[in-house]
Amino acid sequence: MQSALWIWSGVAFAGLLSWALVTWFPEDRTILGIEPYEQIEFEALPADANVADLERGRSYYMQLCALCHGANGNGYGEFSYRMVPKPADLTNIKIMNKSDTELEAVIRDGIKGTAMAPWKKTLDAVQRNQIVGYIRYLALQRNYQANG
Ligand code: HEC
């Protein structure tokens, strides 16, 4: 009887504690060091950017790509360290010089013999293009941060 009392008060206390933490620190939702709700830096964007598409792209990117390519696209995601070849830096000039069609095709078909899987079953063409838009944004953001 007595141990049941201890167990239930433990459960109640844990419940109260988690409620209190979520109430007091609602912003602290980092997963594996990734900040999924990081604000988009609007100053880095061209005036005609479609922010709604960008938000979708960011959501997919953070869930599916960031673990390898890194939250900021530089290729140093949590999973990247023991990978050969390493995940590409998506913010470099090589990527910036590729067309949207080329990038969308890589995301669709993957790269054989590497960890870069085909995403055609997971993401439709619209979603893949939203991610391409987000990759472009990551490159812009990196330039913007480097050059002020
Ligand atoms: C499991 C790890 C992993 C995940 C997850 C992953 N990638 Fe990759 N990706 C790689 C690797 C490794 C390469 C580099 C292959 C190479 O060097 O040939 C790559 C290459 C690429 C390239 C080609 C770069 C170039 O040079 O042309 C693009 C674009 C890309 N990834 C985008 C994405 C997107 C978008 C997602 C999410 C939908 C994603 N990747 C998810 C590992 C990953």
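Structure report, in brief. (Residues numbered from 1 in each chain as written. Predicted model: local features only at pLDDT ≥ 70, side-chain atom pairs only at ≥ 80, totals over all residues. Heavy atoms only, no water.)

What follows deals with the overall build of the protein chain. Of the regular secondary structure elements, the protein chain holds 5 helices and 0 strands. Along the protein chain, from the amino end to the carboxyl end, the secondary structure elements read α-α-α-α-α. With 148 residues in all, the protein chain has 28% of them scored as buried. Summarising the internal contacts of the protein chain: among those between residues at least 6 apart in sequence, 50% fall at separations of at least 24. (Helix = DSSP H or I, 4+ residues; strand = E, 2+ residues; numbered from the N terminus. Buried < 20%, exposed > 50% of the residue type's maximum accessible area, 1.4 Å probe, protein only. Contact = heavy atoms within 4.5 Å.)

Turning our eyes to something else, we now look at the coordination of the iron atom of the ligand. Each protein donor to the iron atom of the ligand is listed here as H69 (NE2) and M116 (SD); together their distances run 2.0 to 2.2 Å. Every donor counted, the 6 donor atoms about the iron atom of the ligand form angles of 87 to 178° at the centre, which fits octahedral coordination. Taken together, the residues span a long stretch of sequence, with H69 in helix α2 (residues 51-69) and M116 in the loop between α4 (100-109) and α5 (125-147) at a distance of 47 residues. We classify H69 as buried; its relative accessible area is 11%. (Donors = N, O, S within 2.8 Å, 3.2 Å for Na, K, Ca; no water. Tetrahedral: all angles 85-135°; square planar, octahedral: opposite > 155°, others 65-115°.)

Here the bond from V84 into P85 is cis, since omega is -10°, no more than 30 degrees from zero. Position of P85 among the secondary structure elements: in the loop between α2 and α3 (93-96).

For the rest of this paragraph, the subject is the site of the ligand. By nearness alone, 24 residues border the ligand, and C65, C68, H69, K98 and M116 come closest of all. Separating a nitrogen atom of the ligand from a side-chain N or O atom of H69 is a distance of 2.7 Å. For the ligand, an oxygen atom lies 2.6 Å from a polar atom in the side chain of K98. Residue assignment for the shell around the ligand shows that the elements contributing at least two residues are α2, α3, α4 and α5. At 4 residues, α2 tops the list of elements feeding residues into the shell around the ligand. A class-by-class count of the residues in the shell around the ligand yields 19 nonpolar, 2 polar and 3 charged. (Near = heavy atom within 4 Å. Polar contact = N/O pair within 3.5 Å; in protein donor to acceptor, adjacent residues only side chain to side chain. Nonpolar A, V, L, I, M, F, W, Y, C, P; charged D, E, K, R; others polar.)

The description of two packed helices rests on the angle between their axes and on the distance between the axes. It is at 9 Å that the axes of α4 and α5 come closest, and there the two elements cross at 120°. As summarised for this structure, α4 and α5 are arranged oblique, according to the angle between their axes. In the packing of α4 onto α5, the handedness of the crossing is right-handed. Judged by residue contacts, D100, L103, E104, I107 and R108 of α4 engage A125, R128, N129, I131, V132, I135 and R136 from α5. (Axes fitted to C-alpha atoms, helices over the stretch in contact; angles between N-to-C directions. Parallel < 35°, antiparallel > 145°, perpendicular 65-115°, else oblique. Left-handed = near helix turned anticlockwise from the far one by under 90°.)

With that out of the way, let us pick up the packing of aromatic side chains. Per the counting criterion, the structure on display carries 2 aromatic pairs. Aromatic pair Y61 and Y134: ring centres 5.6 Å apart, planes at 50°, arrangement tilted. A residue pair is termed long-range when its members are at least 10 positions apart, and Y61 in helix α2 and Y134 in helix α5 qualify at 73 residues. Per residue, the accessibility class of Y61 equals that of Y134, and both read buried. Considering the side-chain rings of Y134 and Y137, the 5.5 Å spacing of their centres and the 35° angle between planes classify their relative orientation as tilted. Of this pair, Y134 and Y137 both sit in helix α5, 3 residues apart, which is roughly one turn of the helix. For Y134, a relative accessible area of 4% puts it in the buried group. For Y137, a relative accessible area of 2% corresponds to the buried category. (Phe/Tyr/Trp six-rings, centres within 6.5 Å; stacked < 30°, edge-to-face > 60°.)

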